[in-house]
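One-letter residues, chain by chain:
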Amino acid sequence: MTEPARLPTRQLLQPDLPAFDTRGVEPALREALAELLLTMADDEFVLGFWDSEWTGIAPLLEEDVAFSSLAQDEIGHARVWYEMLAQLTGSDADEIAFGRQAEEYRHARLLDHPRTDWAFSIARRWLYDTADSVRLAGLTRSSFAPLAEVVAKVRREERYHLLHMDAWLRRLAGHPGEPRDRLEGALTTLRSDALSVFAPLDGEATLIAAGVLDAPIAELADRWRSVASGVLSELGLPALAEGLPPLDGRSRAEPSESFRWLWSEFTTVRRLEEGVTW
Amino acid sequence: MTPTQATRPLESAVWAALHDVHDPEIPTVSVVDLGIVGDVRVEGSRLRVELLPTFVGCPALEVMRTSVEERLRGFAAKVEVAVSFAQPWTSERITAEGRRRLRQSGFAPPPQDAGDDHGLLPQLPAADCPYCGSRNTTLENAFGPTLCRSIYYCADCRQPFEQFKMV
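Residues numbered from 1 in each chain as written. Chains lettered and ligands numbered in written order. Predicted model: local features only at pLDDT ≥ 70, side-chain atom pairs only at ≥ 80, totals over all residues.

1. Focus on the domain arrangement of chain B
Residue and element names in this part refer to chain B. Under the domain assignment, chain B is made up of domain 1 (8–89) and domain 2 (98–164). Placing the centre of domain 1 and that of domain 2 at their C-alpha centroids yields a distance of 26 Å. Facing 10 residues of domain 1, the contacting portion of domain 2 comprises 9 residues. Of the residues in the side of domain 1 that touches domain 2, the class split is 5 nonpolar, 3 polar and 2 charged. (Domains from an automatic or database assignment. Contact = placed C-beta atoms within 7 Å. Nonpolar A, V, L, I, M, F, W, Y, C, P; charged D, E, K, R; others polar.)

2. Side note on the interface of chain A and chain B
Opposite the 31 residues of chain A that make contact, chain B presents 25 residues. When contributions to the side of chain A that touches chain B are tallied by element, the ones reaching two or more residues are helix H2 (61–89), helix H4 (118–137) and helix H5 (145–173) of chain A. With 13 residues, H5(A) is the single largest residue contributor to the side of chain A that touches chain B. Grouping the amino acids of the side of chain A that touches chain B by side-chain chemistry returns 12 nonpolar, 8 polar and 11 charged. (Helix = DSSP H or I, 4+ residues; strand = E, 2+ residues; numbered from the N terminus.)

3. Let's talk about the sheet that holds strand S6 (residues 107–108) of chain B
All names here are of chain B. The mixed open sheet is built from 4 strands, whose spatial order is S6-S9-S8-S7. Strands with a single pairing partner mark the edges of an open sheet, and in this sheet they are S6 and strand S7 (137–141). With 4 bridges joining them, S7 and strand S8 (residues 149–154) adopt antiparallel strand pairing. Each residue of the ladder has a partner; that of leucine 139, found in S8, is tyrosine 152. (Pairing = 2+ DSSP bridges.)

4. Concerning unusual backbone geometry
One non-glycine residue with positive phi stands out, namely Thr116(A), at about 55 degrees. With respect to the secondary-structure elements, Thr116(A) resides in the loop between helix H3 (93–98) and H4. Positive phi, close to 55 degrees, is recorded for Arg158(B), a residue that is not glycine. Inspection of the secondary structure assignment puts Arg158(B) in the loop between S8 and strand S9 (159–164).

5. Quick look at helix H1 (residues 27–52) of chain A
Its 26 residues give H1(A) an end-to-end C-alpha distance of 37 Å, which sits within 8% of 38 Å, the value for a rise of 1.5 Å per residue. Across the 26 residues of H1(A), 19 count as buried, placing the element largely inside the fold. (Expected span 1.5 Å × (residues − 1). Buried ≥ 20, exposed ≤ 12 C-beta atoms within 10 Å, placed from the backbone.)

6. What about the environment of Glu53(A)?
Residue and element names in this part refer to chain A. As for its position among the elements, glutamate 53 is in the loop between H1 and H2. On the neighbour-count criterion, glutamate 53 (17 C-beta atoms within 10 Å) is partly exposed. Residues glutamate 53 and alanine 71 lie 18 residues apart in sequence; the distance between their C-alpha atoms is 9.0 Å.

7. A word on the sheet that holds strand S5 (residues 78–83) of chain B
Residues and elements named next belong to chain B. Read across the open sheet, the 3 strands follow the order S3-S4-S5; overall the sheet is mixed. The sheet terminates laterally at strand S3 (37–43) and S5, the two strands that pair on one side only. The sheet shows a mean angle of 15 degrees between the axes of neighbouring strands, direction not considered. In the packing of helix H2 (residues 61–72) onto the sheet, contacts are made with strand S4 (46–51) and S5, and the angle to S4 comes to roughly 155 degrees. (Axes fitted to C-alpha atoms, helices over the stretch in contact; angles between N-to-C directions.)

8. A word on the packing of H4(A) against helix H6 (residues 178–190) of chain A
To characterise two packed helices, one gives the angle between the axes of the helices and the distance between these axes. All names here are of chain A. Look at H4 against H6: their axes get within 8 Å of each other, and the N-to-C directions meet at 50 degrees. Taken as axis vectors, H4 and H6 run oblique relative to one another. Of the two elements, H4 crosses H6, and the hand of that crossing is right-handed. Judged by residue contacts, Ala119, Phe120, Ala123, Arg124 and Leu127 of H4 engage Pro179, Arg182, Leu183, Ala186, Leu187 and Leu190 from H6. Residue classes in the contact of H4 with H6 are distributed as 9 nonpolar, no polar and 2 charged. (Parallel < 35°, antiparallel > 145°, perpendicular 65-115°, else oblique. Left-handed = near helix turned anticlockwise from the far one by under 90°.)

Right, dumping it as structure tokens:
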């Protein structure tokens, strides 16, 4: 038997992002952009892996397809943000995505919760998608062109996620008994952590001064709260928590046990063989 | 930059050759008709082609990039195929020929009358059934077998079909 032809090795994350010039970016702005990109990348990356936990076991075949597709979209988005971050900081996207310890990830605490049940996944995703759409809207006129370009593209894809989640939120809310009870329970559990998507960033003032972000993050949180609360109150569902986004919404001394487990799953291949290529 | 008299014939030849390259997920439509080729530029002995991803996470992009490189080998001393987000790919970029071929292969082309609504809850317009032309169709799943496709059902000819998503 002849040895099978060796496939060309490729990195886990393909460097598909066009190269951009980072020389003109001031160090303070570079640091602030890196922080913003890491939070956005980690959010999409972690959510994509939670979504993929439904592959094969979703309650309906159509949802098996949908959640697998959502997972692929989110990990695709994370890939571009990690690539952009790697170019900006002269590092490696694979290393950032897979090479960190669990406590170094900066995803919002909302995404620290496990997949749980179907109602919980819908509630969490609806909260995240509504928040993410407000965050992306705040970046559409970003002065940092590579970011603005990808945001324009990503927003067109994310509207399908939002549409799908909103249809499910209404479907569960409209069925008294177990569906609605579970949805209410999930929203009650998540009502304060939902705000963690808008946890303040150290470089926020720099991002606003440079025209990357169009408003303080607390203002984005208010925009989100008014949109999301409108829908929740229309459906008579548990309200969001009051108050400001938590200061430690993205950096916590201890990530949840669930996230530690997820981390061990998505880093398995990487940890089996250092520097492995796909 | 406008192409010079000398480079224009080469550019035309490149565009013609790119009609032979297909999206592996929709093999009946060329990358040109899908609007994926953003730019073809000849500068001296260098040929640069820019591809626009239909979806950010599209796994077929790398295959298309390789196919384009292979098809264009020999067209210039240096052939470079790059990916760009500078102009976002939108479903409006699919040509009339691309839409015709999509329909022919059983895909509804993306709707053209949807505008650029980024409200919280945009409404997706109905899809025309590619088999019987009926508008009496329902969205079965916004997500389909690939990132760029949704699943619909035609109540008139009772056929499930896919629509190329509007993005």
